[in-house]
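# Secondary and tertiary structure notes
Chain by chain, the residues:
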Amino acid sequence: MGVVIIDGSTVRDFVSDEAQFKKSVDEQFEALDLNKDGVLSRGELRKAFESMRLIETHFGIDVATPPEQLTQLYDSIFEGFDCDKSGTVDREEFREEIKKIMMAIAEGLGTCPIQMALDDQSLLQRAADLEASKASSASKASSA
Ligand SMILES: [Ca+2]
């Protein structure tokens, strides 16, 4: 968990860097695909969102959400990812939806930088890392 300062352009740059974005999202996908069958099931995706704690917390404060309401929420998230209604989420569907979510986050952040406490593996953390590495590689001669 680290604290980073990001704004909308940090996130947008990350999403538009296709190779980097694909690599990061693919890694997340593989980590989430617990039974390694190449697709995400309803349960696997639910675990992912539970671990991101996007829904149970509101600005870092736990809010009590009734279990049946949570299940409805997770179902609607799943439907959003499962474009072809196959009952599973494949790599492309996952990437497309993550892209939409990231762009929505970028939109929400706008041009006003905010501090966020992030999990080291989160995509927003990756976005911040990418920006930092670009900034540092621009200022020093290539030594890799
Ligand atoms: Ca799976």
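Since the structure is predicted, the reported quantities are computational estimates derived from the model, not experimental observations.

Of the regular secondary structure elements, the protein chain holds 6 helices and 4 strands. Relative to its full complement of 144 residues, the protein chain shows a buried share of 15%. Contacts spanning at least 24 positions in sequence make up 72% of the contacts within the protein chain whose residues lie at least 6 apart.

Glancing now at the UniProt feature "domain: EF-hand" (unreviewed entry) in the protein chain. The positions UniProt marks with the feature "domain: EF-hand" (unreviewed entry) are residues 20-55 and 69-104. The distance separating the terminal C-alpha atoms of residues 69-104 is 23 Å; by composition the span is 75% helix and 0% strand.

Turning our eyes to something else, we now look at the packing of helix α2 (residues 18-32) against helix α5 (residues 91-109). Following both chains from N to C, one finds α2 and α5 inclined at 120°, their axes separated by 10 Å at the closest point. In terms of axis orientation, α2 runs oblique to α5. In the crossing of α2 with α5, the sense of the turn from one axis to the other is right-handed. Contacts between α2 and α5 pair Lys22, Val25, Asp26 and Phe29 from the former with Arg91, Phe94, Arg95 and Ile98 from the latter. Looking at the contact of α2 with α5 residue by residue, the classes come out as 4 nonpolar, no polar and 4 charged.

Turning our attention to unusual backbone geometry. We note that Lys36 has phi near 55°; this positive angle belongs to a residue other than glycine. The phi dihedral of Lys85 is positive, around 55°, even though this residue is not glycine. Note that Lys85 resides in the loop between α4 (67-81) and α5.

Turning our eyes to something else, we now look at the environment of Ala128. Counting through the fold element by element, Ala128 comes out in helix α6 (residues 123-139). Each C-alpha atom of the pair Ala128 and Thr10 lies 6.4 Å from the other, and the pair is 118 residues apart in sequence. Leaving out residues up to four positions away in the same chain, Ala128 has contacts with Val4, Ile6 and Thr10.

Before going further, it helps to examine α6. With 17 residues, α6 ought to run about 24 Å at 1.5 Å a step, and its terminal C-alpha atoms sit 25 Å apart, in line with that. Turning to α6, the residues buried within the fold contact β1 (2-6), α1 (8-16), α2 and α5.

Definitions and limits used
- Residues numbered from 1 in each chain as written.
- Predicted model: local features only at pLDDT ≥ 70, side-chain atom pairs only at ≥ 80, totals over all residues.
- Helix = DSSP H or I, 4+ residues; strand = E, 2+ residues; numbered from the N terminus.
- Buried ≥ 20, exposed ≤ 12 C-beta atoms within 10 Å, placed from the backbone.
- Contact = placed C-beta atoms within 7 Å.
- UniProt positions renumbered as here; feature names shortened; annotations may be inferred.
- Axes fitted to C-alpha atoms, helices over the stretch in contact; angles between N-to-C directions.
- Parallel < 35°, antiparallel > 145°, perpendicular 65-115°, else oblique.
- Left-handed = near helix turned anticlockwise from the far one by under 90°.
- Nonpolar A, V, L, I, M, F, W, Y, C, P; charged D, E, K, R; others polar.
- Expected span 1.5 Å × (residues − 1).

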